[in-house]
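Structural description and commentary
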Amino acid sequence: VRQLMKQRRPPGFPPGPSPIPVIGNIVSLATEPHVFLKKQSEIHGQIFSLDLGGILTVVLTGYDCIRECLYNQGDVFADRPSLPLFQKMTKMGGLLNCKYGKGWIDHRKLACNSFRYFGSGQRQFERKISEECMFFVDAIDEHKGKPFNPKHLVTNAVSNITNLIIFGQRFTYDDRNFQHMIEIFSENVELAVSGWALLYNAFPWIEYVPFGKHQKLFRNAAEVYDFLLEVINGFSQGRVPHAPRHYVDAYLDELEQNKGEPGSSFSQENLIYSVGELIIAGTETTTNTLRWAMLYMTLYPNIQERVQREIDSVLENGRVPTMEDKQKMPYVEAVLHEILRFCNIVPLGIFRATTQEAKVNGYTIPKGTMVITNLYSVHMDEKYWTDPGVFSPQRFLDSNGNFVKREAFLPFSMGKRCCLGEQLARMEMFLFFTTLLQRFHLQFPPGTVPTVTPKLGMTLQPQPYSICAVRRQQKS
Ligand code: HEM
């Protein structure tokens, strides 16, 4: 077997740790993979290879290397790997995991246009986010300063912003069906990088092994699919062609217009996949960011206090924050940026693949090779950050307290497949964070200090924690 693997490693391929026969380097990834991979790069270089059970993979480390590949050679690194798991989940269609080509272009364009048209391009959209912020803080108020786990509330509030764009409507915080769907979907985001999922990619026949986490993954995916099919049908009722009310309507317009076109990628199935991907990509990430932000503000009361001082000085008489206030709040901006850098919500990005043979740093990477972008390593890159292991919002401020952009900051990745929701996520984070800290002082229940060790998965999230949100001021 070892001989076989050696043969498979093509000439000029980057070096890497020695694989264990058959399963390769899968076991090494069982604990914090982003940390393990960064350490490996200290031995093997910025670009090195891994063997994931026979799937040859290249890992990119540090800002320079990731920029060279994702940006300077944008077209070459713009594909997604045709892994058995993704093939089974979305048949390489939809949007997020779509192969690079016409299907992806069509779906990305439609999603971007819809986000603009039904989202940030609308004057009243910001007001709708503010309304959701109010539902959110009111729901927190119901806990009256007593300990509670904010995870569900944050998830519901955040997903409602994407729901507005996709379905034209929010779901109430007691909608059990929607909550359940999000819960099992986000469980799948965790399971997608579990050892079982990696094993499935290497040995797809384990599909027929009746136990193991991959079975749970398949069951969850089927349940999510059925739920989405039902809601999509519900929200497309009463549709008037060419007068779209939301993303689903806009998609159905495209579907009808392109009916009979041989190369069309629009289909009922791809509609369901892309709706699912937009919901989960928008919810899981922004929710985790806000949950980390709440945790760190509680851990660092002096930072929380400075944030609140800035909020109070800009939002006179407790008025509602708007996006115009953002530029007057450099400290809030610095804190949110440092949360994104330090907490690494998507530590290894989303797996990429090469569209053609690539030459990088003297190495040759064949077409179709899986590529892992270690975004965590960018945020810990000592060439660009001093003491990267220290949590310090100050690094995003100049000596006059103005916000400064940093180059080696890629929480949304870069290049052709960069995050499509960055602008929306930034709006949500700013409005939710300022509204929350304007109204509440956050503290841990007496005698408790939660861990900051993340729960592992495709995204990093805090372990469940309880918090007390104590009212700061009268409602204005
Ligand atoms: C892709 C991060 C919020 C939709 C990505 C990628 C990252 C990322 C790292 C991978 C890009 C790559 O392949 O290199 C984040 C973070 C967010 C966030 C940190 C919040 C703090 C959102 C939101 C939405 C969204 C709000 C939409 C509602 C997507 C989609 C892709 C993507 C559709 C796939 C793009 C493609 O393949 O063309 N995001 N994201 N994200 N994100 Fe986000």
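Residues numbered from 1 in each chain as written. Predicted model: local features only at pLDDT ≥ 70, side-chain atom pairs only at ≥ 80, totals over all residues. Heavy atoms only, no water.

Right, let's talk about the overall build of the protein chain for a bit. A tally of helices and strands in the protein chain yields 16 helices and ten strands. The C-alpha atoms of the protein chain give a radius of gyration of 23 Å, which matches the 23 Å a tight globule of 476 residues would have. Projected onto its principal axes, the C-alpha positions of the protein chain cover 70 × 55 × 45 Å. Sequence separation of 24 or more characterises 73% of the internal contacts of the protein chain that already satisfy a separation of 6 or more. For the protein chain, the accessible surface area stands at approximately 20,700 Å², while carbon and sulfur atoms represent 53% of it. (Helix = DSSP H or I, 4+ residues; strand = E, 2+ residues; numbered from the N terminus. Rg over C-alpha atoms; globule rule 2.2 N^0.38 Å. Contact = heavy atoms within 4.5 Å. Areas by Shrake-Rupley, 256 points an atom, 1.4 Å probe, with all protein chains shown as cover.)

The mixed open sheet is built from four strands, whose spatial order is E1-E2-E6-E3. Looking along the sheet, the strands with just one partner apiece sit at the ends: strand E1 (47-52) and strand E3 (352-353). Two strands pair when backbone bridges link them, and E3 and strand E6 (residues 370-374) are joined in this way by two bridges, in the antiparallel orientation. Its bridge partner being in E6, Ala-353 is matched across the sheet by Met-370. (Pairing = 2+ DSSP bridges.)

Considering every residue of the protein chain, the mean pLDDT works out to 94; 97% of them sit at 70 or more. Across the predicted assembly, pTM comes out at 0.96 and ipTM at 0.99. (pLDDT = per-residue confidence, 0-100.)

Ranked by size, the top nonpolar core spans 123 residues in total, and within it Phe-136, Val-275 and Phe-433 carry the most contacts. It is helix H12 (residues 268-299) that provides the largest number of residues to this core, a total of 13 residues. In terms of nonpolar packing, the next biggest core, distinct from the first, is built from 16 residues, Phe-48, Ile-55, Met-92 and Met-370 among them. (Core = buried A, V, L, I, M, F, W, Y, C linked by side-chain atoms within 4.5 Å. Buried < 20%, exposed > 50% of the residue type's maximum accessible area, 1.4 Å probe, protein only.)

What follows deals with the coordination of the iron atom of the ligand. Donation to the iron atom of the ligand from the protein comes from one atom only, Cys-419 (SG), at 2.3 Å. Mapping Cys-419 onto the fold places it in the loop between helix H15 (375-379) and helix H16 (422-439). (Donors = N, O, S within 2.8 Å, 3.2 Å for Na, K, Ca; no water.)

On to the layout of surface pockets. When its volume is computed, the second largest pocket comes out at roughly 450 Å³. Going through the elements one at a time, helix H2 (33-44), helix H8 (176-191) and helix H9 (195-202) are the ones with two or more residues in the lining of the second largest pocket. A per-element tally of the lining of the second largest pocket places H8 first, with three residues. Residues of the lining of the second largest pocket, tallied by class, amount to 16 nonpolar, five polar and three charged. (1 Å grid on protein atoms, 1.4 Å probe; cavity = no way out; pocket = protein on both sides within 12 Å on 5 of 7 lines; lining within 4 Å. Points joined across faces, edges and corners; volume = space filled by probe spheres on them. Nonpolar A, V, L, I, M, F, W, Y, C, P; charged D, E, K, R; others polar.)

The next thing to look at is the site of the ligand. Among the 26 residues in the neighbourhood of the ligand, the closest are listed as Arg-80, Arg-108, Arg-352, Ser-413 and Cys-419. In this structure, Arg-108 approaches the ligand through a side-chain N or O atom, which is 2.8 Å from an oxygen atom. A distance of 2.5 Å is found between an oxygen atom of the ligand and a side-chain nitrogen or oxygen belonging to Ser-413. Elements supplying a minimum of two residues to the shell around the ligand: helix H5 (102-120) and H12. Of all the elements, H12 adds the most residues to the shell around the ligand, at six residues. Residue composition of the shell around the ligand, by class: 15 nonpolar, seven polar and four charged. (Near = heavy atom within 4 Å. Polar contact = N/O pair within 3.5 Å; in protein donor to acceptor, adjacent residues only side chain to side chain.)

With that settled, the discussion passes to the side chain of Thr-155. Tracing the chain through its elements places Thr-155 in helix H7 (residues 151-167). With residues near it in sequence (within four places) discarded, Thr-155 still touches Ile-182, Thr-283 and Thr-287.

Attention now moves to unusual backbone geometry. Of note, Asn-361 is a non-glycine position whose phi angle comes to about 45 degrees, a positive value. Along the chain, Asn-361 falls in the loop between strand E4 (358-360) and strand E5 (363-365). Residue Asn-361 is classed as exposed on the basis of its relative accessible area of 51%. Backbone geometry places Ser-413, a non-glycine residue, at a positive phi of 60 degrees. As for its position among the elements, Ser-413 is in the loop between H15 and H16. For Ser-413, a relative accessible area of 19% puts it in the buried group.

Once that is clear, we can look at the packing of aromatic side chains. This model, assessed by the stated rule, comprises 24 aromatic pairs. When the ring of Tyr-63 is compared with that of Tyr-384, the centres are 5.0 Å apart and the planes differ by 75 degrees; the resulting orientation is edge-to-face. Of the two residues, Tyr-63 sits in helix H3 (residues 63-72) while Tyr-384 sits in the loop between H15 and H16, which places them 321 residues apart along the sequence. Note on Tyr-63: relative accessible area 3%, which makes it buried. (Phe/Tyr/Trp six-rings, centres within 6.5 Å; stacked < 30°, edge-to-face > 60°.)

On to the pairing of E1, then. The buried fraction of E1 amounts to six of the six residues, a majority that puts the element mostly inside the structure. Because side chains alternate across E1, one face comprises the buried residues Ile-47, Ser-49 and Asp-51, and the other comprises Phe-48, Leu-50 and Leu-52, equally buried. Judged from the six bridges that link them, E1 and strand E2 (residues 55-61) form a sheet pairing that is antiparallel. Counted as the bridge partner of Ser-49 is Val-58 from E2.

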